[in-house]
Amino acid sequence: VLVYYGVGFPLAQQMGDGVLSGLRLDLRSLGRNKAAFVTLAAVLLGGGLNLAGVPRPALLDGVTGILVPCITGAQGLAIGATLRLARVRDYLPEMGMVVAVKFLLIPAALLPLGLLLGLHQILGGAPFKTLAVLTLMPSAFLALVPPVLYGLDLDLANSGWLASTLCLMVLLPAMFFLAA
């Protein structure tokens, strides 16, 4: 969360502002980036309260059970409203790159590293299985928020998200096998 909102959102904002070379992380720009600032402030405040030993109010359990599905539903609705399937074919090469990086390059780099670190020998292999499943997961739809906020190519982002999500349908049996 910290990297995504603290680095990814500000860099996406710079790209949306037309800064294509010399991208840099500017902590002052976080104050202007409301989506990143509010989320980071909330996470840091919650973490600080947790570290300080402040007990979590029981009311939060009920509120969380309502807010999380509502926010997730609202984001899904927003994605569906912006998804233009007719434009997907315009991005076939880019979709191929997303699939290659997400489902070939990342697992090829991380799974051998997990074996080298001995993750397969800890807790019946649970850490390695978790790593394997995570490397095969599709892009989350939170990846579609920066293009909307900062005027980036939403059709490209939607196409990449759709490609990785469709691959999940093919990879789901493998994920069940790995998790067993």
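Counting restarts for each chain, with residues numbered from 1 along the sequence as it is written. For a predicted model such as this one, the threshold for reporting local features is a pLDDT of at least 70, and the threshold for listing and counting side-chain atom pairs is 80 or more; totals across whole chains, interfaces and linings nevertheless cover every residue. Side-chain metrics in this entry use all non-hydrogen atoms of the structure; hydrogen atoms and water are not considered.

Participant: I tried to follow the overall build of the protein chain on my own but got confused; where do I start?
Facilitator: Helix and strand definitions follow DSSP, with helices as H or I runs of at least four residues and strands as E runs of at least two, each counted in order from the N terminus. In terms of regular secondary structure, the protein chain is built from 8 helices and 0 strands. The secondary structure elements of the protein chain, listed N-terminal to C-terminal, are α-α-α-α-α-α-α-α. Dimensions of the protein chain along its principal axes, counting C-alpha atoms only, are 50 × 45 × 35 Å. Exposure classes here rest on a 1.4 Å probe applied to the protein chains alone. A residue is buried below 20% of its type maximum, exposed above 50%, and partly exposed in between. The buried share among the 180 residues of the protein chain stands at 26%. Taking contacts inside the protein chain between residues at least 6 apart in sequence as the whole, the part at least 24 apart equals 67%. Only the protein chains shown count as cover for residues, and all accessible areas are computed by the Shrake-Rupley method using a 1.4 Å probe. Carbon and sulfur atoms form 75% of the exposed surface of the protein chain, whose accessible area is close to 11,500 Å². For this analysis, residues touch if any pair of their heavy atoms sits within 4.5 Å.

Participant: What is the right way to read unusual backbone geometry from this model?
Facilitator: The general pattern is negative phi for most residues beyond glycine and trans for most peptide bonds. Notably, L123 is not glycine yet its phi reads approximately 50 degrees, a positive angle. You can see L123 is positioned in the loop between helix 5 (92–116) and helix 6 (126–135). Overall, the relative accessible area of 73% leaves L123 in the exposed class.

Participant: What's the story with the layout of surface pockets in this structure? I'm lost.
Facilitator: Sizing a probe to match a water molecule and rolling it over the atoms shows the empty space that remains. Of the volumes computed, that of the largest pocket is approximately 300 Å³. If you go around the largest pocket, the residues you meet are R56, L60, V63, T64, L67, V68, I71, T72 and Q75. Residue polarity follows a fixed list, in which Ala, Val, Leu, Ile, Met, Phe, Trp, Tyr, Cys and Pro are nonpolar, Asp, Glu, Lys and Arg are charged, and the others, Gly among them, are polar. Residues of the lining of the largest pocket, tallied by class, amount to 5 nonpolar, 3 polar and 1 charged. Grid spacing is 1 Å over the protein atoms alone, the probe is 1.4 Å, and a cavity is where that probe fits but cannot get out, while a pocket is an open set with protein on both sides within 12 Å along at least five of seven lines and lining residues have an atom within 4 Å of a point. If you go around the second largest pocket, the residues you meet are V98, S139, A143, L144, D153, L156, A157, G160 and W161. Grid points are joined across faces, edges and corners, and a volume is the space filled by probe spheres set on the points.

Participant: Could you clarify how one ought to interpret the packing of helix 5 against helix 6 in this entry?
Facilitator: A pair of packed helices can be characterised by two numbers: the angle between their axes and the separation between those axes. Taken N-terminus to C-terminus, the directions of helix 5 and helix 6 make an angle of 170 degrees; their axes are 9 Å apart at the nearest point. The angle between helix 5 and helix 6 places the two elements in the roughly antiparallel class. On helix 6, the residues touching K102, F103, I106, P107, L110, L111, G114 and L115 of helix 5 are F128, L131, A132, L134 and T135. Only the stretch in contact is used when a helix axis is fitted, and all axes are lines through C-alpha atoms; the angle between N-to-C directions ranges over 0 to 180 degrees. Geometric relationships in this document are graded by angle, where less than 35 degrees denotes roughly parallel, more than 145 denotes roughly antiparallel, 65 to 115 denotes roughly perpendicular, and other angles denote oblique.

Participant: In this structure, what is going on with a nonpolar patch on the surface? I would like to understand it.
Facilitator: A cluster of nonpolar side chains, contributed by V101, L105, I106, L110, L113, L116 and L117, occupies part of the molecular surface with about 650 Å² of accessible area. Within the fold, V101 resides in helix 5. Only residues whose relative accessible area exceeds 30% and that take part in no salt bridge are eligible for patches, with like-charged residues grouped when within 9 Å of each other and nonpolar side chains (Val, Leu, Ile, Met, Phe, Trp, Tyr) grouped when within 5 Å. Between Lys or Arg on one side and Asp or Glu on the other, a salt bridge is scored when a side-chain nitrogen of the former is within 4 Å of a carboxyl oxygen of the latter.

Participant: Quick question: what am I supposed to make of the packing of aromatic side chains here?
Facilitator: Centre distance and the angle of the planes are the two values used to describe a pair of aromatic rings. What counts as a ring pair is set by centres within 6.5 Å for rings of Phe, Tyr and Trp (its six-membered ring), and what kind of pair is set by the plane angle: stacked under 30 degrees, edge-to-face over 60, tilted for all other angles. Inspection of every chain in the model, using the stated rule, returns 1 aromatic pair. Note that K102 overlies the ring of F103, its terminal NZ or CZ placed 5.7 Å from the centroid. Distance and angle both matter: a charge sits over a ring if NZ of Lys or CZ of Arg is within 6 Å of the ring centre and within 35 degrees of the ring normal.

Participant: Can you help me understand the pattern of salt bridges in this one?
Facilitator: Two side chains bearing opposite charge may form a pair once their charged atoms approach each other closely. Applying the stated criterion to the full structure yields 3 salt bridges. Here R56 makes a salt bridge to D61, at a shortest N to O gap of 3.1 Å. Overall, D61 belongs to the exposed group, its relative accessible area being 52%. One network of salt bridges, with partners in common, ties together R87, D90 and D155.

Participant: Sorry if this is basic, but what is going on with the side chain of D155 here?
Facilitator: Relative to the elements of secondary structure, D155 occurs in helix 8 (residues 154–179). In this structure, D155 is in contact with T82, R84, R87 and Y91, ignoring residues within four places of it in sequence.

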